[in-house]
Amino acid sequence: MDEFQRSWLLAQLGPNTDPADLERRFFRLRSVRAVALEVLGERRAKLLGDPLKVTVDGVVTMDLQENLRGIERQIEAVGQTPAPDDREDESEEGTALATSVMMPARRYR
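Described in the following lines is the structure provided in the data block.

What counts, and at which threshold
- Residues numbered from 1 in each chain as written.
- Predicted model: local features only at pLDDT ≥ 70, side-chain atom pairs only at ≥ 80, totals over all residues.
- Heavy atoms only, no water.
- Pairing = 2+ DSSP bridges.
- Helix = DSSP H or I, 4+ residues; strand = E, 2+ residues; numbered from the N terminus.
- Axes fitted to C-alpha atoms, helices over the stretch in contact; angles between N-to-C directions.
- Parallel < 35°, antiparallel > 145°, perpendicular 65-115°, else oblique.
- Left-handed = near helix turned anticlockwise from the far one by under 90°.
- Contact = heavy atoms within 4.5 Å.
- Nonpolar A, V, L, I, M, F, W, Y, C, P; charged D, E, K, R; others polar.
- Core = buried A, V, L, I, M, F, W, Y, C linked by side-chain atoms within 4.5 Å.
- Buried < 20%, exposed > 50% of the residue type's maximum accessible area, 1.4 Å probe, protein only.
- Arc of directions from axis to C-beta.
- Polar contact = N/O pair within 3.5 Å; in protein donor to acceptor, adjacent residues only side chain to side chain.

**Remarks on the pairing of strand β2 (residues 60–63)**
Consideration 1: Of the strand pairs in this sheet, strand β1 (residues 53–56) and β2 are connected by four bridges, and their pairing is antiparallel. If you follow Lys53 over to β2, its bridge partner there is Asp63.

Below, the structure written as structure tokens:
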């Protein structure tokens, strides 16, 4: 993984993410987008494993539903934004450039 890919991952996942962990994942997955999606998926699973809303009457209410929605939006955004190691032909699906020569319909004398 080069410095550009590492900085893209840290921008997507936050500066407190362990770079050594990202390196290990990149070695296994071979794609920075896959690394980002795996880390975000684990964060989402961790939130889903615990109760999203806890209320202690008259003391405190803790609601993590917006955190879950935020991670889901981030997963969607990572899937749509171009990653540094995306190949050109995969990022431009359905887009083609065609050229042609324009000829007059009638011959001029």
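**A word on the packing of helix α1 (residues 3–13) against helix α3 (residues 32–49)**
Helix-helix packing is described using two parameters, namely the angle between the two axes and the distance between the axes.
Consideration 1: The geometry of α1 relative to α3 is characterised by a closest axis approach of 10 Å and an angle of 25° between their N-to-C directions. The pairing of α1 with α3 is recorded here as roughly parallel in orientation. As for the relative orientation of α1 and α3, their crossing is right-handed in sense. Counting all contacts with α1, which are made through Gln5, Trp8, Leu9 and Leu13, the residues of α3 involved are Val32, Arg33, Val35, Ala36, Val39, Leu40 and Arg43.
Consideration 2: Its residues placed into classes, the contact of α1 with α3 shows eight nonpolar, one polar and two charged.

**Brief notes about the nonpolar core**
Consideration 1: With twelve residues, the main nonpolar core is built from Trp8, Leu9, Leu13, Leu22, Phe26, Val32, Val35, Ala36, Val39, Leu40, Val78 and Ala83.
Consideration 2: Every element with two or more residues in this core is listed here: α1, α2 (19–29) and α3.
Consideration 3: Of the residues forming this core, the biggest block, five residues, is contributed by α3.
Consideration 4: For Phe26, the residues in contact, after removing those within four places along its chain, are Met1, Gln5, Ser31, Val32, Val35 and Asp85.

**A word on the packing of α1 against α2**
Consideration 1: Between α1 and α2, the least distance of the axes is 11 Å, while the angle of their chain directions is 115°. Classified by the angle their axes make, α1 and α2 are roughly perpendicular. Considering the relative orientation of α1 and α2, their crossing is right-handed. Two secondary-structure elements touch here, α1 through Gln5, Arg6, Leu9, Leu10 and Leu13 and α2 through Pro19, Leu22, Glu23 and Phe26.

**Here's the deal with the environment of Leu52**
Consideration 1: By the element assignment, Leu52 lies in the loop between α3 and β1.
Consideration 2: Leu52 gets classed as partly exposed once you look at its relative accessible area, which sits at 22%.
Consideration 3: Setting aside chain neighbours within four positions, we find Leu52 in contact with Leu47, Met62, Asp63, Leu64, Gln65 and Leu68.

**Structural notes on α1**
Consideration 1: Residues Gln5, Arg6, Trp8, Leu9 and Leu13 constitute the buried set of α1. Buried residues in α1, looked at end-on, bunch into an arc of 160°, giving them a common side. For α1, the exposed residues set more than 90 degrees away from the buried face come down to Glu3, Phe4 and Ala11.
Consideration 2: Looking at the packing, one finds that the buried side of α1 touches α2, α3 and α4 (65–80).
Consideration 3: Where α1 begins, the side chain of Asp2 points an oxygen toward the backbone nitrogen of Phe4, at a separation of 3.4 Å.
Consideration 4: At the exit of α1 stands Gly14, carrying a positive phi of roughly 105°.

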